[in-house]
Amino acid sequence: MEVIITENTAEAGRLAADAIQDLITANPDAVIGLATGSSPQSIYDELARRVGQGIVSFARVQAFTLDEYVGLPHNHPERYRNVITRDFVTKVDIDPGNVHGPDGQASDIAAACAAYEEAITAAGGVDLQILGIGTDGHIGFNEPGSSLASRTRIKTLTKQTRSDNARFFGGDPDAVPRHCLTQGIGTIMDARHLLLLASGRGKAEAVHQLVEGPISALWPASVLQMHAHVTVIIDTAAASRLQLASYFTETYAAKPTEQRL
Ligand code: F6R
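So, a few notes on the structure that sits alongside this text. Quick caveat: nothing in here was measured; it's all calculated off a predicted structure.

Thresholds, definitions, all that
Residues numbered from 1 in each chain as written. Predicted model: local features only at pLDDT ≥ 70, side-chain atom pairs only at ≥ 80, totals over all residues. Heavy atoms only, no water. Salt bridge = Lys/Arg side-chain N within 4 Å of Asp/Glu carboxyl O. Helix = DSSP H or I, 4+ residues; strand = E, 2+ residues; numbered from the N terminus. Buried < 20%, exposed > 50% of the residue type's maximum accessible area, 1.4 Å probe, protein only. Near = heavy atom within 4 Å. Polar contact = N/O pair within 3.5 Å; in protein donor to acceptor, adjacent residues only side chain to side chain. Nonpolar A, V, L, I, M, F, W, Y, C, P; charged D, E, K, R; others polar. Contact = heavy atoms within 4.5 Å. Pairing = 2+ DSSP bridges. Axes fitted to C-alpha atoms, helices over the stretch in contact; angles between N-to-C directions.

**Side note on the pattern of salt bridges**
Item 1. One pass over the structure, following the stated rule, counts eleven salt bridges.
Item 2. Between Arg49 and Glu46 there is a salt bridge whose closest N-O contact spans 2.8 Å. On the criterion of helical spacing, the pair formed by Arg49 and Glu46 is a turn pair, its members being three residues apart in helix 2 (residues 41–52).
Item 3. Assessed through its relative accessible area of 39%, Arg49 is described here as partly exposed.

Spelled out as structure tokens, the structure:
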């Protein structure tokens, strides 16, 4: 696991965008995994800037989102399909038809989840998955207690997550849906490169457990310790509980520039 501690979210966004740009330059048909929420905003803004300048193009890229609320109406602004359209799709040159997400309005949830798994497999799997992390250690919406081998399925959101996400629903936790469809932890672990961003002191404990804790369903992100290619980009506040913070900082500073993300 590589841990990079940055000064600010703009720098984190630039580093993550570098990794995505390198991937797409090497393979214009790459498959990327998208996350919603606050953490990836700096990446999407930086990628939009680079697309605008003709540095990178998503014209042939396929994208799969991590998760979706169950039951939000088609036109609800916080439906993740609409969020990703607003935050990413409309800012870059990706074909909207190449952007896929689990169907939170499906009448047959199990079939929709199985179809989503099949679609990811048919696309050749995810080359690079963008991740955020919940204050309770979730990735995707795999809440504490999730099977570390899980596949796409319905999950119940914790009170903590509904309270964290209330900011997108007028501050009312009860307005946040109770259920979601999410790629499972096993699904996420199948991606070839995992790129996780976190910022702020509120994420410090979750980041500590992710990087240094025992691998446990209590902190689902800790399973990333078992993945061969993980990059964690965090600010100093999110790194504030890391015992190994200075080691990570020194290691990254000593890396030749061309080997940095
Ligand atoms: C979103 C997702 C979640 C978020 C996490 C952090 O698609 O899968 O795991 O990444 O809840 O959210 P933010 O970035 O808003 O703090």
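**Observations concerning the environment of Gly54**
Item 1. Along the chain, the position of Gly54 falls in the loop between helix 2 and strand 3 (62–65).
Item 2. Residue classification places Gly54 among the exposed positions, given a relative accessible area of 62%.
Item 3. Taking C-alpha positions, Gly54 is 29 Å from Tyr252, a pair spaced 198 residues apart along the chain.

**Overview of the site of the ligand**
Item 1. Taken together, 15 residues lie around the ligand, and Thr36, Ser39, Asp67, His138 and Gly140 are the ones closest in.
Item 2. Ser38 is positioned with one of its backbone polar atoms (N or O) 2.8 Å from an oxygen atom of the ligand.
Item 3. At 2.6 Å from an oxygen atom of the ligand is found a side-chain nitrogen or oxygen belonging to Asp67.
Item 4. Of the residues contributing to the shell around the ligand, the split by class is four nonpolar, eight polar and three charged.

**Section: the side chain of Thr152**
Item 1. Structurally, Thr152 is set in the loop between strand 6 (128–131) and strand 7 (153–156).
Item 2. Classification of Thr152 by relative accessible area gives buried; the value is 8%.
Item 3. A distance of 2.7 Å separates a polar atom in the side chain of Thr152 from a polar atom in the side chain of Glu117.
Item 4. Each residue touching Thr152, except ones within four places of it in the same chain, is listed here: Cys113, Tyr116, Glu117, Thr182, Gln183, Gly184 and Thr187.

**Quick look at the sheet that holds strand 4 (residues 67–69)**
Item 1. Across the sheet, three strands lie side by side as 4-8-7; this open sheet has antiparallel pairing. Taken across any chain shown, the strands that pair with only one partner, and hence form the sheet edges, are strand 4 and strand 7. The sheet shows a mean angle of 30 degrees between the axes of neighbouring strands, direction not considered.
Item 2. Here strand 4 runs beside strand 8 (residues 179–182); their pairing, made up of three bridges, is antiparallel. Residue pairing in the sheet places Asp67 in a bridge with Thr182 of strand 8.

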